[in-house]
Amino acid sequence: MDIGIDLGTANTLLYARGQGIVLNEPSVVAVREGVRGALAVGTEAKETIGRTPGSITAIRPLQDGVISDFEAAEEMIRHFVRKAVPGRRPRIRLVVCVPSGVTPVERRAIVHAARRAGARAVHLIEEPMAAAIGAGLPVSEPRGSMVVDIGGGTAEVAVISLGGIVTAQSLRVGGHRLDAAIADFVRKEHGLLIGDRTAEDIKVAIGSAWPVPGREAFEMRSYPVRGREKIRGLPKTVDLTVKEVRAALDEPVEAVIAAVRTTLEDCPPELSGDVMEHGIVLTGGGALLPGLDLRLAAATGIPVVLADDPLDSVALGCGRCVEDFDALQRLMSAA
């Protein structure tokens, strides 16, 4: 059985050969102090975040795209594979997506965790390459293609040509950093303490990176935020505006734009011309932030387009490698 895994900081997706994406669940594990094994994994575990008693902890085994808790990551991979492929399973061959900036030590940790979870063979593919494949970019042609993949823990920026990554930037900015920026803003400007889930709800409801033409009514919206008052510790509600949330997100958004500029500066002139002609492709959950494409286009002077299926691009690209291992071997040789 061949399976591709988009092992993300926020969500993990599994692609089974011949079946497509068979699982998409949060990368969360709930454990009890002093008890081996996981109490809950995935969606069930995410529901416990911020609501657990002292003896139970909900943890994310991956931080910034790499394994931070080895045992929990192993347990999570094993659980997801069993859930995606129920019943008796032959030893599985896995293709795992990793950030382009991972160290050799982090690569070995991912391979080891996958093998301990039952894989007989483990192949790694870099996330920007998988995202580009999943977005339908011509990665094997002698033409520069630029992809910006913004996930839960990292943002990957890469220029790809002839099946290899020519130049890339990997930065620890993703959906969780956006959530943290909102929580920090609410604490500093309104004296209100909120959790990660509330910050994410705010981002989804009224988050944006740039005013979007034709959405003037959206610009006038506000969102009631409930939390705990910083000084007195009592419950309190404040109304956040779209402009306030945009200001809160300005720093991490600018970090992504700076990474794109740096990648373009390091790119050979011939490939830069290709990128100017064909544009930049946005993938990942962070790409859904309204106005991000417009702001990036204004900052670089290059057309920016959203992938057809930004949330699943990495998993779909990984899946295409699962369906054609010869193509994966060629990509690994090019890298």
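Bear in mind that the values here come from a model prediction, so they are computed numbers and not experimental data.

(A) Expanded view of helix α12 (residues 313-323). In terms of burial, α12 is a largely internal element, 8 of the 11 residues being buried. If you check which residues of α12 are buried, you get S313, V314, A315, G317, C318, G319, C321 and V322.

(B) Up close: the side chain of T154. Considering the arrangement of structural elements, one finds T154 in the loop between β11 (145-150) and β12 (155-161). Looking at T154, its side chain comes within polar contact range of the side chain of E156, at 3.4 Å. When sequence neighbours within four positions are dropped, the list of residues in contact with T154 reads D64, G65, P99, E127, D149, L171, R172, V173 and G174.

(C) How the structure looks around the sheet that holds strand β4 (residues 29-32). Spatially, β5-β4-β6 is the arrangement adopted by the 3 strands of the open sheet, whose pairing is antiparallel. Each edge of the sheet is formed by a strand with only one pairing partner; in this case those strands are β5 (40-41) and β6 (56-59). Here β4 runs beside β5; their pairing, made up of 2 bridges, is antiparallel. Looking across to β5, one finds that A30 is bridged to A40.

(D) Spatial organisation of the pattern of salt bridges. Taken as a whole, this structure holds 14 salt bridges when the rule is applied. One salt bridge connects E75 with R78, and the closest N-O pair in it is separated by 3.7 Å. Of this pair, E75 and R78 both sit in helix α2 (residues 70-84), 3 residues apart, roughly one helical turn. Classification of E75 as partly exposed rests on a relative accessible area of 27%.

(E) Here's a closer look at the sheet that holds strand β16 (residues 235-241). The strand order β14-β15-β16 describes an open sheet built from 3 strands, whose pairing is antiparallel. Strand pairing shows two members of the sheet lacking a second neighbour, β14 (192-193) and β16, which therefore form its edges. Strand direction decides the pairing type here: strand β15 (residues 222-229) and β16, joined by 7 bridges, are antiparallel. Each residue of the ladder has a partner; that of P224, found in β16, is D239. Set on the sheet, helix α5 (residues 175-190) makes contact with β14 and β16; between it and β16 the angle comes to about 110°. Lying on the sheet, helix α6 (residues 196-206) is in contact with β15 and β16; it crosses β15 at an angle near 170°.

(F) Spatial organisation of the nonpolar core. M146, V148, I194, I202, L240, V260 and I280 are the most contacted members of the largest nonpolar core, which has 45 residues in total. A total of 6 residues in this core trace back to one element, the largest contributor, which is helix α9 (residues 250-266). L14, V41, V98 and V122 belong to the second-largest nonpolar core, a separate cluster that totals 30 residues.

(G) Here's a closer look at a nonpolar patch on the surface. A surface patch of nonpolar side chains, about 270 Å² in accessible area, is lined by L288, L306 and L311. For L311, the location among the structural elements is in the loop between β18 (304-306) and α12.

(H) How the structure looks around the packing of helix α4 (residues 127-134) against α12. Direction vectors running N to C along α4 and α12 enclose 85°, while the axes themselves pass 6 Å from each other. Of the possible angle classes, the one that applies to α4 and α12 is roughly perpendicular. The segment α4 lies against α12, with E127, A130, A131, I133 and G134 engaging S313, V314, L316, G317, C318, R320 and C321. For the contact of α4 with α12, the residue count by class is 7 nonpolar, 3 polar and 2 charged.

Thresholds, definitions, all that
Residues numbered from 1 in each chain as written. Predicted model: local features only at pLDDT ≥ 70, side-chain atom pairs only at ≥ 80, totals over all residues. Heavy atoms only, no water. Buried < 20%, exposed > 50% of the residue type's maximum accessible area, 1.4 Å probe, protein only. Helix = DSSP H or I, 4+ residues; strand = E, 2+ residues; numbered from the N terminus. Polar contact = N/O pair within 3.5 Å; in protein donor to acceptor, adjacent residues only side chain to side chain. Contact = heavy atoms within 4.5 Å. Pairing = 2+ DSSP bridges. Salt bridge = Lys/Arg side-chain N within 4 Å of Asp/Glu carboxyl O. Axes fitted to C-alpha atoms, helices over the stretch in contact; angles between N-to-C directions. Core = buried A, V, L, I, M, F, W, Y, C linked by side-chain atoms within 4.5 Å. Patch = residues over 30% accessible without salt bridge, like charges linked within 9 Å, V, L, I, M, F, W, Y side chains within 5 Å. Areas by Shrake-Rupley, 256 points an atom, 1.4 Å probe, with all protein chains shown as cover. Parallel < 35°, antiparallel > 145°, perpendicular 65-115°, else oblique. Nonpolar A, V, L, I, M, F, W, Y, C, P; charged D, E, K, R; others polar.

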